[in-house]
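Structure assessment
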Amino acid sequence: MTKKLLRTLAGERTDIPPVWMMRQAGRHLPEYRDTRTRAGDFLDLCYTPELAAEVTLQPIRRYDLDAAILFADILLVPDALGLEVRFIEGDGPRISTVTTHADFDALRAPDAIHDHLAPVYDTLRIVSGKLPSKTALIGFAGAPWTVATYMIAGKGTPGQGPAHALKTEQPGLFDALIEHLTDATISYLSAQIEAGAEVVKLFDSWAGSLCGEDFENYAIEPVRRIVGALKSLHPDTPVIAFPREAGMRYEGFARSTGADCVALDNSVDPVWAARHVQKDGPVQGNLAPHLLVAGGDTLIRETHLILEAFKAGPHVFNLGHGITPDANPDNVHLMIDAIRNWT
Ligand code: CP3
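Attention in this report is confined to the structure presented alongside it. Counting restarts for each chain, with residues numbered from 1 along the sequence as it is written. Restriction of local features to residues with pLDDT of at least 70 applies here, the model being predicted, together with a cutoff of 80 or more for giving and counting side-chain atom pairs; totals for whole chains, interfaces and linings are based on all residues. Here the side-chain values reflect all heavy atoms present in the structure, with hydrogen atoms and water set aside.

Each helix and strand in the protein chain was counted, giving 16 helices and nine strands. We call a residue buried when its accessible area falls under 20% of the maximum for its residue type, exposed when it is over 50%, and partly exposed in between, using a 1.4 Å probe and counting protein chains only. Every one of the 343 residues in the protein chain was classed for burial, and the buried ones make up 59%. Residue pairs at least 24 apart in sequence account for 74% of intrachain contacts in the protein chain once pairs closer than 6 positions are excluded. Methods summary: accessible areas were calculated by the Shrake-Rupley approach with a probe of 1.4 Å, and residue burial reflects only the protein chains presented. For the protein chain, the exposed area adds up to about 13,600 Å²; of that, 51% sits on carbon and sulfur atoms. Positive and negative side-chain charges of the protein chain, numbering 31 and 44 respectively, have mean locations separated by a distance of 5 Å. Labels follow the DSSP assignment, with helices taken as runs of H or I lasting at least four residues and strands as runs of E lasting at least two, numbered in each case from the N terminus. Throughout, a residue-residue contact means that at least one pair of heavy atoms, one from each residue, lies within 4.5 Å. Positive charges come from Lys and Arg alone, negative charges from Asp and Glu alone, with His and the N- and C-terminal ends not counted. For the purpose of locating charges, the reference atoms are NZ of Lys, CZ of Arg, CG of Asp and CD of Glu.

What follows is the structure, given as structure tokens:
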């Protein structure tokens, strides 16, 4: 196994960790903004394999990264299930909602999503043929809870209020939706692996708003079921889980879900995480994205603190959340140099 990311995810410690960035293909890159303008609509960009492959490869050409991540979006699954999904410039996604049994019954079956998602698999096939031999290809999906929050509210909501309300008021419907999404996600990620994804990642951006038993039932259980199913279909493909803002509940997350690696957000203290999370296996993270805006000595110091904290075990260097559109590409070079030249 020569790709560094795959070695780390298999549990190997390396002197210099592999590095990639969440949202590395995106608006901080002028070449992305050009392709995005050519594509017109964000969804057209996701569903045009040549263009989606091009933007997946842009950060790989510009930076010396250890992984490419498929260019797509977590909201392609609700789109493939038959909801209407739109991205409004500067205002985020808008989706037709699932709040009644009739809405739920109108969804496509979990394994009937593949015709719609075929361009995503084509993107993976194109990228896999063009990547440098040391670069791993990551596929992804949203975790059921996070995707459900958008399907229930019809948009992003700060506290995920509408999803919490449906969970309390119509528990049967809510559970059915989570189960449907869990099955669809297994089918989708399995198809991504068959098309060339060497690693898959589950983004649970809103895991932090689940409390007590809800965390168990909706952040852990669906992920456990997805990881278990993928392991029986594709035992050699590692899974990264990102229960964002899980706080103390990061501890034990890999053990209870079977994930090979846990991605940490930047609210987590790396020294705490080394002791309580990395003890169970590989971790990924967790530089604050805003450090790539100003750069300078603070960026280098914080990069070194993270390297130092995780140096005793397997670690994938990444940000704690997606790189922001105002990040400066020069600062990304600075961060990568600080990692590669670290002694
Ligand atoms: O990381 C990558 O480079 C791969 C591509 C990727 C995108 N979205 C592209 C994208 C990935 C992995 C995602 C995941 C995603 N999408 C998440 C989970 C991670 C997280 O950020 O918490 C969520 C919640 C979404 C849903 C989503 N997509 C929102 C809320 C928005 C609008 C907000 C924004 O940043 O504009 C998007 C749009 C989106 N997805 C963009 C990109 C590059 C920006 C669209 C544009 O070009 O205008």
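Now that the structure is up, let's keep going.
Here, the term nonpolar core denotes a set of buried Ala, Val, Leu, Ile, Met, Phe, Trp, Tyr and Cys residues that are joined through side-chain atoms within 4.5 Å. Ranked by internal contacts, the top residues of the largest apolar core, which has 126 residues, are Leu-76, Leu-117, Met-151, Leu-177, Tyr-188, Leu-292 and Met-335. For this core, the leading source of residues is helix 10 (residues 171-194), giving 11 residues.

A few words on the site of the ligand. Contacts to the ligand come from 22 residues, most closely from Arg-23, Tyr-32, Arg-36, Asp-73 and Ser-205. Between an oxygen atom of the ligand and a main-chain N or O atom of Ala-25, the distance comes to 3.3 Å. Contacts to the ligand include Asp-73, whose side-chain N or O atom sits 2.7 Å from a nitrogen atom. At the level of elements, helix 2 (30-39) and strand 3 (92-95) are the ones that each hand at least two residues to the shell around the ligand. Across the shell around the ligand, the residue classes tally to 14 nonpolar, four polar and four charged. When we say a residue is near a molecule or strand, we mean one of its heavy atoms is within 4 Å of it. Residues adjacent in sequence count toward polar contacts only when both atoms are side-chain atoms; beyond that, a polar contact is any pair of N or O atoms within 3.5 Å, and within protein one must be able to donate a hydrogen and the other to accept it. Here the term charged refers only to Asp, Glu, Lys and Arg, the term nonpolar to Ala, Val, Leu, Ile, Met, Phe, Trp, Tyr, Cys and Pro, and the term polar to all other amino acids, Gly among them.

For a regular strand, side chains alternate in direction, first toward one face of the sheet and then toward the other. Burial within strand 6 (residues 239-243) is extensive, with five of its five residues counted as buried. In strand 6, alternate side chains face the same way, and those of Val-239, Ala-241 and Pro-243 on one face and Ile-240 and Phe-242 on the other are all buried. Strands are treated as partners if at least two bridges between them are detected by DSSP. Two strands pair when backbone bridges link them, and strand 5 (residues 199-204) and strand 6 are joined in this way by five bridges, in the parallel orientation. Pairing of Phe-203 across the sheet is with Phe-242, part of strand 6. Seen with its strands pointing away from the viewer, a crossover is right-handed when the path leading from the first strand over the helix to the second is clockwise. Running through helix 11 (residues 212-233), the crossover from strand 5 to the neighbouring parallel element strand 6 is right-handed. Bridge count for strand 6 against strand 7 (residues 261-263) is two bridges, and the pairing is parallel. Bridge pairing in strand 7 links Ala-241 to Val-262.

Taking strand neighbours across the sheet as the criterion, the seven strands line up as 1-4-5-6-7-8-9 in an open arrangement whose pairing is parallel. In this open sheet, the two edge strands, each paired with only one partner strand, are strand 1 (67-69) and strand 9 (315-319). For this sheet, the mean angle separating the axes of adjacent strands, direction not counted, is 25°. In this analysis an axis means a line fitted to C-alpha atoms, helices contributing only their contacting stretch, and an angle means the value between N-to-C directions, from 0 to 180 degrees.

With that settled, consider the packing of aromatic side chains. Only rings of Phe, Tyr and Trp enter the pairing, Trp through its six-membered ring, and a pair is recorded when the two centres are within 6.5 Å. The plane angle decides the type: under 30 degrees is stacked, over 60 is edge-to-face, the rest tilted. According to the stated counting rule, one finds nine aromatic pairs in the structure shown. Between the aromatic rings of Phe-42 and Phe-71, the centroid separation amounts to 5.8 Å while the plane-to-plane angle is 75°, which identifies the pairing as edge-to-face. Here Phe-42, found in helix 3 (residues 42-47), pairs with Phe-71, found in the loop between strand 1 and helix 5 (76-80); they are 29 residues apart in sequence, far enough to count as distant. Taken individually, Phe-42 and Phe-71 each receive the classification buried, so the pair is uniform in this respect. Look at Phe-174 and Tyr-218: their rings are 4.9 Å apart centre to centre, the planes differ by 90°, and that puts the pair in the edge-to-face class.

To continue, consider the pattern of salt bridges. Once their charged atoms are close, side chains differing in charge can pair, the charge on each being opposite to the other. One speaks of a salt bridge when a side-chain nitrogen belonging to Lys or Arg is within 4 Å of a carboxyl oxygen belonging to Asp or Glu. On inspection of all chains with the given rule, the structure shows 20 salt bridges. Across the pair Asp-91 and Arg-94 runs a salt bridge, and its minimum N-O distance is 2.8 Å. Taking the relative accessible area as the measure of exposure, Arg-94 reaches 24% and is therefore partly exposed. In this structure, Arg-224 engages Glu-221 in a salt bridge whose closest nitrogen and oxygen atoms are separated by 2.6 Å. In this pair, Arg-224 and Glu-221 both sit in helix 11, three residues apart, roughly one turn of the helix. Residue classification places Arg-224 among the partly exposed positions, given a relative accessible area of 38%. What makes Glu-221 partly exposed here is its relative accessible area of 33%. Among the charged side chains, a salt-bridge network with shared partners connects Asp-64, Asp-66, Lys-134 and Arg-340.

Keep in mind these values describe shape, not function.
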